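Descriptive analysis of the structure
In case you want the letters, here they are:
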Number of protein chains: 2
Amino acid sequence: MHKDISKVALQRLPVYLNYLKTIPEKDGFISATVLASRLNLGEVQVRKDLASVSCTGKPKVGYEVKTLISELESALGYDNTADAVIIGAGHLGMALLDYKGFEEYGFNIVAGFDRNEKVWGKTEGGKPVFAMEKLPSLIARMHIKIGIITVPAKAAQEVCDLLVENGILAVWNFSSAHLNVPDGILVRNENMAVSLSLLVQHLTDNK
Amino acid sequence: MHKDISKVALQRLPVYLNYLKTIPEKDGFISATVLASRLNLGEVQVRKDLASVSCTGKPKVGYEVKTLISELESALGYDNTADAVIIGAGHLGMALLDYKGFEEYGFNIVAGFDRNEKVWGKTEGGKPVFAMEKLPSLIARMHIKIGIITVPAKAAQEVCDLLVENGILAVWNFSSAHLNVPDGILVRNENMAVSLSLLVQHLTDNK
DNA sequence: AATTTATCGATAAAAATTTATCGATTATTT
DNA sequence: AAATAATCGATAAATTTTTATCGATAAATT
């Protein structure tokens, strides 16, 4: 098994994977040179990134696309599917429930939960929405370790506490609230405004 | 004006800003030490990041929160509000239309556009959804430079081309498609599955 | 008023990441 | 069959980023 994939490389691997899945050369070969120019990355960087998951590149031709795809998938751990639940079935929660990309990458959003009884029993992309009361038993029964928080900021900490109490180990936080968690619990904050601001920053720099 | 903010620091600045806006010490001071421990970052790193936008820290007490907030905002360019449009009024598009965080950061999502006439005329969070035909004139009239793509992958390139044709300079791509754009156009890809996979990666590493 | 404590800001060291270079290898061309 | 061209993979150099150290300073304490 390949190891020592740097943090930043790890962020680029899915980009390669994603791109490889869309190209016409699906049944042939692709070189690091071509890949680099298509994705606007450095040729050497691409080669180095790929070296961390593959050693099947052949001089003059490059990498077999099929092989590379499965090597990337396996390196990224997409083989072992991971289950997660979503708390908050507003538009964002529903969008994530429906997001096809997850399945493709081996993730499985099991269900959504919401306080509002109007959405109980609804399904989105085949995923059901339940009452909050059902959360503890479902998490326990299915040994779920990942919780996705898409509730308003005000309710986020409360929801987070509930998740942690019930054995969740990683939280993906879409609310703007800053979450306090005990040691050992991983929080990843997804702040949409931050992402957009980085885009704008870039825009104003280059003029 | 402060300069030379490193790329990675630039990604952390909004985190500080976001956190500062939520704390109880709003009217007082906060030290890099405290900020670091609250956000689980290195003390020196925080101090260095802040040094790139501020020089108002006082020994023994830290930084005045109010001052720091406005210094961060100005460094990040949140003074000059930026307008954007969203193409694709599915759940994700609707969620972004409704996302309150943007306004807070000085962004303004002007409107959504969709091919499906069932959603035309709807509003979400006060933002209207229009037919695609209205896109060119609105972009031109309001001088909008940012487009957010939340359509399915199949339609993404077509939408992207349309945006570019009409003068959009930056694209925030939520679809899984890889977009080809002319030089000078900035594309930022938001792959939800990537974010989740990084979370999971971290989870499986630390066990 | 002197001493202690907490923190800044700067500089230096360490670590991580990117970029450059180059020999080895494989297909293609002569 | 030999020469050529393209590309890999490895190693080295350059750059960027993170972490450590330390004197200076402002508030708190003695």
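Please read all numbers here as calculations on a predicted model, not as lab measurements.

**Side note on the interface of chain A and chain B**
Every contact between the two is made by 47 residues of chain A and, on the other side, 47 residues of chain B. When residues of chain A are sorted by the area they lose upon contact with chain B, A:His91, A:Met192 and A:Leu199 head the list and together hold 15% of the total. Inspection of the chain A/chain B interface yields 6 residue pairs in polar contact (both at pLDDT 80 or more). Within the residue set of the side of chain A that touches chain B, elements represented by two or more residues are α1 (7-20), α2 (32-39), α5 (91-98), α6 (100-104), β8 (170-173), β9 (186-189) and α9 (192-205) of chain A. Examining the composition of the side of chain A that touches chain B, we find that 12 residues originate from one element, α9(A), more than from any other. Here the residues of the side of chain A that touches chain B are counted per class, giving 31 nonpolar, 11 polar and 5 charged.

**Observations concerning the protein's contact with DNA strand D**
The environment of DNA strand D is made up of 22 residues, and the closest members are A:Ala32, A:Arg47, A:Tyr63, B:Arg12 and B:Pro59. The sugar-phosphate backbone supplies 75% of the atoms of DNA strand D found within 4 Å of the protein. For DNA strand D, a phosphate oxygen lies 2.7 Å from a polar atom in the backbone of A:Ala32. Those elements giving two or more residues to the surface near DNA strand D turn out to be α2 of chain A together with α1 (7-20) and α3 (43-51) of chain B. Here the surface near DNA strand D is composed, by residue class, of 7 nonpolar, 7 polar and 8 charged.

**Here's the deal with the nonpolar core**
Formed by 100 residues in total, the largest nonpolar core has its most connected members in A:Phe102 and B:Phe102. Broken down by element, the residue count for this core peaks at 8 residues, all from α9(A). Dropping the residues within four chain positions of it, B:Phe102 is found in contact with A:Met192, A:Ala193, A:Leu196, B:Leu96, B:Phe107, B:Ile109 and B:Trp172.

**Considering the packing of α1(A) against α2(A)**
All names here are of chain A. As a packed pair, α1 and α2 sit with axes 12 Å apart at the nearest point and diverge in direction by 95°. By the angle between their directions, the pair α1 and α2 is classed as roughly perpendicular. For the pair formed by α1 and α2, the contact residues are Val15, Tyr16, Tyr19 and Leu20 on the first element and Leu35, Arg38 and Leu39 on the second. Of the residues assigned to the contact of α1 with α2, the class counts are 6 nonpolar, no polar and 1 charged.

**Here's the deal with the pairing of strand β4 (residues 107-114) of chain B**
Residues and elements named next belong to chain B. Of all 8 residues in β4, 7 are buried, a share of seventy percent or more. Pairing geometry for strand β3 (residues 82-87) and β4, over 6 bridges, is parallel. Paired with Val85 across the strands is Ala111, a residue of β4. As paired strands, β4 and strand β6 (residues 127-131) are joined by 3 bridges and run parallel to one another. Pairing of Phe113 across the sheet is with Phe130, part of β6.

**So, the protein's contact with DNA strand C**
Taken together, 22 residues sit near DNA strand C, with A:Ser6, A:Arg12, A:Pro59, B:Ala32 and B:Arg47 positioned nearest. Within the side chain of B:Tyr63, one N or O atom sits 3.0 Å away from a phosphate oxygen of DNA strand C. Mapped by element, the contributors of at least two residues to the surface near DNA strand C are α1 and α3 (43-51) of chain A together with α2 (32-39) of chain B.

**What to know about helix α5 (residues 91-98) of chain B**
Counting buried residues in α5(B) gives 6 out of 8 residues, a clear majority hidden from the surface. Looking at α5(B), one finds that the buried residues are B:Leu92, B:Gly93, B:Met94, B:Ala95, B:Leu96 and B:Leu97.

**Details of the domain arrangement of chain A**
As far as domains go, chain A holds domain 1 (7-76) and domain 2 (82-195). Computed from C-alpha coordinates alone, the two centres of domain 1 of chain A and domain 2 of chain A are separated by 32 Å.

**Considering the relation of the copies chain A and chain B**
Of the transformation superimposing chain A on chain B, the axial component is 0.1 Å and the angular component is 180°, with the fit at an RMSD of 0.4 Å. Interpreted geometrically, this transformation is the action of a two-fold axis. Taking C-alpha positions as reference, the residue of chain A nearest the rotation axis is A:His91, located at 2.6 Å. When the interface residues of chain A are mapped onto chain B, 100% of them again fall at the interface, so both copies present the same face.

Conventions we followed
- Residues numbered from 1 in each chain as written.
- Chains lettered and ligands numbered in written order.
- Predicted model: local features only at pLDDT ≥ 70, side-chain atom pairs only at ≥ 80, totals over all residues.
- Heavy atoms only, no water.
- Contact = heavy atoms within 4.5 Å.
- Buried area = accessible area lost by both parts, 1.4 Å probe.
- Polar contact = N/O pair within 3.5 Å; in protein donor to acceptor, adjacent residues only side chain to side chain.
- Helix = DSSP H or I, 4+ residues; strand = E, 2+ residues; numbered from the N terminus.
- Nonpolar A, V, L, I, M, F, W, Y, C, P; charged D, E, K, R; others polar.
- Near = heavy atom within 4 Å.
- Core = buried A, V, L, I, M, F, W, Y, C linked by side-chain atoms within 4.5 Å.
- Buried < 20%, exposed > 50% of the residue type's maximum accessible area, 1.4 Å probe, protein only.
- Axes fitted to C-alpha atoms, helices over the stretch in contact; angles between N-to-C directions.
- Parallel < 35°, antiparallel > 145°, perpendicular 65-115°, else oblique.
- Pairing = 2+ DSSP bridges.
- Domains from an automatic or database assignment.
- Least-squares fit on C-alpha atoms with pLDDT ≥ 70 in both.

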